[in-house]
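# Coordinates in review
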Amino acid sequence: MKMRTRMAPSPTGEIHIGSMRTLLYNCALAKKSGGKFILRIEDTDRERYVEGAVERTFEVIKDYGLSWDEGPVVVGPHKPYIQSERLDIYKKYALELVEKGKAYYCFCSKERLAEMREEQEKKGFPTTKYDKHCLGLAEEEVKKYLEEGKEYVIRLNVPKGEKINFKDEVLGDLSFPSDDIDDQVLLKSDGYPTYHLAVVVDDHLMEITHILRGMEWLPSTPKHILLFKAFGWDLPKFVHLPLLREADSTKKLSKRSGSVAAVDFLKDGYLPEALLNFLMFLGWNPGTEKEIYTLEEFVEDFSIEKVQKSDLVVFDRQKLLWFNGMYIRGLDIKELLEKLSDWGKKFDVKINSKDKDFDLRVLELIRERLRTLSEWNELTDYFYNKPEIDGELLNKYSGSGEKTKEIVNKYLELYESIDEKDWNFENLEKVSHELLEKEGYKPKEAFMTLRVIVTGRSFSPPLFNTFEVLGKTNVVKRMSSI
Ligand code: GLU
């Protein structure tokens, strides 16, 4: 069967990393069957609408290397794909339900609704629900109010005492008592549909066959089932995906632990390929040891049967770093440098850079330690700027200021005597060890001291490779400053 899947973000802020996971799964499922993946913008909540969020959503999806077959910009047979441009459609369907007796006009004022809620709370109702007051209005009365132009909403007439049964393709058969469900507003007084009406109408009209969405939407599904049935439409298949939680908490992702918006992970210097690879495993498991997947391989391997049956899945930020490091090391060095420079431009970060040749040599040296592009500046600072030296650290390995001076001066004399053309890793290593032996220094006291005076730190790539790349002038200058 050719599948038609969709992702329907609401522009209420930056698109969440969890939504990118959902998008990835929907996209893969459609691609796998030669079907279509639809992007739809659900912007009917005007109070929470964030200016520019729609355009940024498009951009970030593309930056992650994903795309859609039908939707805004690319268009398709079911256009428009932006809900605020489809208001007439929702109204028509809401009225159809009223006609069928499955929905009804409600003219209750805000004050009445507030009073009703207060009373229900006083009585200790677990949740407050609309009391179906307007369902009892006579036809004549409704007509009169409409003619008078009285403000109204349209509500779904949820049947009492029924069981709403449906199957989730992963969770299995589920059943919800209809008595727990409020008479949902379908059409608001501003003429906009609510999420429930718009999502069902569009999923039907856009011929969606599979709905993969986050577990947070599970409580809405019985309402949607009621709507599909009220219209007499076939049900799509539903899959509710596990929510993401922090590794050290049972709670969902939190800004306190790091980024949560999809764009922020790019800003943090993660490569899209690594992010996608990480996201693949947040709710899906191939059942093998294989961890590195290209998008094509994932499309090939992805199936609903392999979606995890669980409420929550760990968003292991350490694992994401690991994936990113793997992808960074897997890239051709020139390509990596280009990505670094593009990243700096895109996110307005001034990255350490001198000339391409020098930058490549530095990158070669530090690439092993580079886990995100954003670590570049911090990892390479001493290649581009003279470091500040912490006196205590400088004397830590020699034991005293005097000894430090002695070591540095002996090596300074040696390095000054090296011809520029012999300033290379092999020669530096050879002559430095000869001097070590001659003076009877311990490797750690001498070489760590040199490392600190030249780089300002006790961690750096191998010392003589670092010296080679830094060049004689820099090394000698830094050592002379003792
Ligand atoms: N507009 C909803 C969202 O913001 C879509 C939920 C669904 O997939 O039905 O995620």
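Conventions and cut-offs
Residues numbered from 1 in each chain as written. Predicted model: local features only at pLDDT ≥ 70, side-chain atom pairs only at ≥ 80, totals over all residues. Heavy atoms only, no water. Near = heavy atom within 4 Å. Polar contact = N/O pair within 3.5 Å; in protein donor to acceptor, adjacent residues only side chain to side chain. 1 Å grid on protein atoms, 1.4 Å probe; cavity = no way out; pocket = protein on both sides within 12 Å on 5 of 7 lines; lining within 4 Å. Sits in = over half its atoms within 2 Å of the grid points. Nonpolar A, V, L, I, M, F, W, Y, C, P; charged D, E, K, R; others polar. Buried < 20%, exposed > 50% of the residue type's maximum accessible area, 1.4 Å probe, protein only. Helix = DSSP H or I, 4+ residues; strand = E, 2+ residues; numbered from the N terminus. Pairing = 2+ DSSP bridges. Right-handed = clockwise from strand over helix to strand, strands pointing away. Core = buried A, V, L, I, M, F, W, Y, C linked by side-chain atoms within 4.5 Å. Contact = heavy atoms within 4.5 Å. Patch = residues over 30% accessible without salt bridge, like charges linked within 9 Å, V, L, I, M, F, W, Y side chains within 5 Å. Areas by Shrake-Rupley, 256 points an atom, 1.4 Å probe, with all protein chains shown as cover. Salt bridge = Lys/Arg side-chain N within 4 Å of Asp/Glu carboxyl O. Lys, Arg positive; Asp, Glu negative; His and termini not counted. Charge placed at Lys NZ, Arg CZ, Asp CG, Glu CD. Phe/Tyr/Trp six-rings, centres within 6.5 Å; stacked < 30°, edge-to-face > 60°. Lys NZ or Arg CZ within 6 Å of the ring centre and 35° of its normal.

## Considering the site of the ligand
The environment of the ligand is formed by R6, A8, S10, E42, Y195, V199, R213 and W217. R6 places a polar side-chain atom, nitrogen or oxygen, 2.5 Å from an oxygen atom of the ligand. Using a 2 Å cut-off from the grid points, one finds that the ligand occupies the largest pocket. Residue composition of the shell around the ligand, by class: four nonpolar, one polar and three charged.

## Observations concerning the pairing of strand β9 (residues 237-241)
Taken across its five residues, β9 has four buried, putting it largely inside the fold. Bridge count for strand β8 (residues 210-214) against β9 is five bridges, and the pairing is parallel. Bridge assignment links I211 to a residue of β9, and that residue is F238. Once the chain exits β8 it traverses helix α7 (residues 221-231) before rejoining the sheet at β9, and the crossover so formed is right-handed.

## Let's talk about the nonpolar core
If you look at the biggest cluster of nonpolar residues, it comprises 111 residues, and the most contacted ones within it are Y64, F383, Y411, Y415, F467 and M479. At nine residues, helix α1 (residues 17-32) tops the list of elements feeding residues into this core. Excluding residues that lie within four positions of it along the chain, Y64 makes contacts with I17, M20, A262, F265, L266, P272, L275, L276 and L279. Residues A94, M116, Y130 and I208 belong to the second largest nonpolar core, which totals 50 residues.

## Comments concerning the pairing of strand β6 (residues 172-177)
Here strand β5 (residues 163-168) runs beside β6; their pairing, made up of six bridges, is antiparallel. From the neighbouring strand, K167 faces β6, where its bridge partner is D173.

## Some details on a negative patch on the surface
A cluster of acidic residues, E111, E115, E118, E119 and E121, forms a negative patch on the protein surface. Mapped onto the elements, E118 comes out in helix α4 (residues 110-122).

## Some details on the packing of aromatic side chains
Summed over all chains, the structure comprises 34 aromatic pairs. Centre to centre, the rings of Y93 and F231 are 5.7 Å apart; their planes meet at 80°, and the pair counts as edge-to-face. With a gap of 138 residues between them, Y93 in helix α3 (residues 87-99) and F231 in helix α7 connect regions that are remote in the sequence. Just as Y93 is buried, F231 falls in that class too. Chaining the aromatic ring pairs together yields one cluster made of Y25, F265, Y270, F278, F281, W284, Y293, F298, F302, F315, W322 and F323. Its guanidinium or amino end placed over the ring of F358, K354 lies 3.8 Å from that ring's centre, counting from NZ or CZ.

## Side note on unusual backbone geometry
Keep in mind that most residues, glycine aside, have a negative phi and that most peptide bonds are trans. With an omega dihedral of 0°, the bond running from K79 to P80 counts as a cis peptide bond. Along the chain, the position of P80 falls in the loop between α2 (53-63) and α3. In this model, V75 sits at a positive phi of 60°, which is unusual for a non-glycine residue. Mapped onto the elements, V75 comes out in the loop between α2 and α3. Positive phi, close to 55°, is recorded for E207, a residue that is not glycine. Classification of E207 as partly exposed rests on a relative accessible area of 47%.

## Side note on a nonpolar patch on the surface
There is a patch of nonpolar side chains on the surface, built from I292, W322 and M326 and spanning about 240 Å² of accessible area. One can find W322 in helix α11 (residues 317-330). Relative accessible area serves as the criterion here: at 33%, W322 is assigned to the partly exposed category.

## Thoughts on the pattern of salt bridges
All told, the structure shown has 27 salt bridges when counted by the stated rule. Its salt-bridge partner being D183, residue K132 comes within 3.0 Å of it at the nearest N-O pair. Of this pair, K132 sits in the loop between α4 and α5 (139-148) while D183 sits in the loop between β6 and β7 (185-187), and the two are 51 residues apart along the sequence. Taken individually, K132 and D183 each receive the classification buried, so the pair is uniform in this respect. A salt bridge links K167 to E169; the nearest nitrogen and oxygen atoms lie 3.9 Å apart. Note on K167: relative accessible area 46%, which makes it partly exposed. Given the relative accessible area of 27%, E169 is considered partly exposed. Here the salt bridges share partners, and the residues they tie into one network are R6, R40, E42, R86, D202 and D203.

## Here's the deal with helix α19 (residues 463-470)
For α19, the buried fraction is high: six of the eight residues fall into the buried class. Buried residues of α19: L463, F464, T466, F467, V469 and L470, and no others. In the core, the buried residues of α19 are packed alongside α13 (356-366), α14 (376-384), α16 (401-416), α17 (425-439), α18 (443-455) and α20 (472-480). The first or second residue beyond α19 is G471, which carries a positive phi of 90°.

## Here we look at the side chain of T380
Note on placement: T380 falls in helix α14. Within polar-contact distance, the side chain of T380 engages the backbone oxygen of W376 at 2.8 Å. Residues contacting T380, with those up to four places away along its chain left out, are N352, V362 and I366.

Don't take any of this as a statement about function, it's just geometry.
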